[in-house]
Amino acid sequence: MNHALTDTADDPVRERPTATGAGIPARERPATTGAATVPDGPVRERPAATGAATAPGIGAVIGWVGGRPISREPLDRRVRELRDSPLSAALPLPGSSEDRQLARWLTQVILTEALCEDEATARGLSPVEVGRLDPLAAVELGSINASAYNGSPWVRALFEHLTATVEVPPEWRSPTTAQEAAPGTAQGVAWHVVRHRVFADRAEAAAATADDLEQLGPVTLGSLPAAIADAIPRRPYGMLVGPVEDALGWHVAVAHPAPTPAPSPGAVSRREAARRRMFARWLDESRAAKVELVPGLEHPGDPRQPDNHHKH
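The structure displayed is predicted, hence computed values, not measured ones.

Criteria and cut-off values
- Residues numbered from 1 in each chain as written.
- Predicted model: local features only at pLDDT ≥ 70, side-chain atom pairs only at ≥ 80, totals over all residues.
- Heavy atoms only, no water.
- Buried < 20%, exposed > 50% of the residue type's maximum accessible area, 1.4 Å probe, protein only.
- Helix = DSSP H or I, 4+ residues; strand = E, 2+ residues; numbered from the N terminus.
- Pairing = 2+ DSSP bridges.
- Contact = heavy atoms within 4.5 Å.
- Expected span 1.5 Å × (residues − 1).

What follows deals with the pairing of strand 4 (residues 59-65). Most of strand 4 is tucked away, with 5 of its 7 residues classed as buried. Of the pairings in the sheet, the one linking strand 3 (residues 54-55) to strand 4 comprises 2 bridges and is antiparallel in character. Along strand 4, the bridge assignment pairs A55 with G59. Hairpin remark: strand 3 followed by strand 4, antiparallel, with 3 residues in the connecting loop; positive phi at G57, about 80 degrees. Across 4 bridges, the pairing between strand 4 and strand 5 (residues 68-71) is antiparallel. Note that in strand 5 the partner of V61 across the bridge is S71.

Turning to the environment of S286, a few remarks are in order. Along the chain, S286 falls in helix 8 (residues 265-290). Under the relative-accessibility criterion, S286 is labelled buried at 11%. A sequence separation of 171 residues divides S286 from L115, and the C-alpha atoms of the two residues are 8.1 Å apart. In this view, S286 contacts L115 and V291; residues no more than four positions away in its chain are not counted.

Here we come to helix 2 (residues 97-122). Since the α-helix turns once every 3.6 residues, residues separated by three or four places project in the same direction. Over its 26 residues, helix 2 runs 38 Å from end to end, which matches the ideal 38 Å to within 8%, given 1.5 Å per residue. In terms of residue burial, helix 2 counts as a mostly covered element, since 19 of its 26 residues are buried. Of the residues flanking the end of helix 2, it is G124, one or two places downstream, whose phi is positive at about 75 degrees.

Now the structure itself:
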């Protein structure tokens, strides 16, 4: 949610989101008579020149998520915890440009966690406890998103929910991994575990048992002679098929469905990468629509803030 503030610093502006939570918020300010109408719901005062912002009953805030003010307390607490931890020697000096960037980065993490908690609870999801992201997954998701994922079970719950049906994009697949698109199939063709043999004599073929046949392993029916390939689907799995005659002789076979192949490590990593890409895009869009930052706590990479050092 974006609030355009154009009033002077000594003229407080009170805002609240519209009923839909989208578009320009309803805004009311003192009339020339000095009377003011105070809207229902959360009320925000214009940030002071120092970059601080407050909300009634909360005090200092770091931003607003869907119109809900987020207290500054979690940010101050996380900074204190870092400075009291073994990592303190690696942290920037208090008051430095890098220190302000650290506060901005932590702000994005906290607001992302709040955004996901709101969305997850609105969808009726339960917190998810899973392992931490590996280094490559963290890079794919982005440092802010990865930190929120590792730190909040609500972020993980929303990730699992939103990305449950994500598949590997066609352009990411190679010809050798077409089978990964649908377990048990390759390019839409079913595989079977087949035992088969060709007999020169019909009587011998009719007397054959499954033990008399040769194991072919997992094959597609299209790789078998047409006569027996056409006959196999007409019989239940596990029952002898034939004898069926063609130019080669008398065919007998027995087929079973091929077990669902385990996805290759490459297929797993591609699908997980696709899930992380989808979730990162969803977070970007949702933050743009629902998160308002307090001046001074912009994204660390925002070129408009004076401490920005991101170069692209």
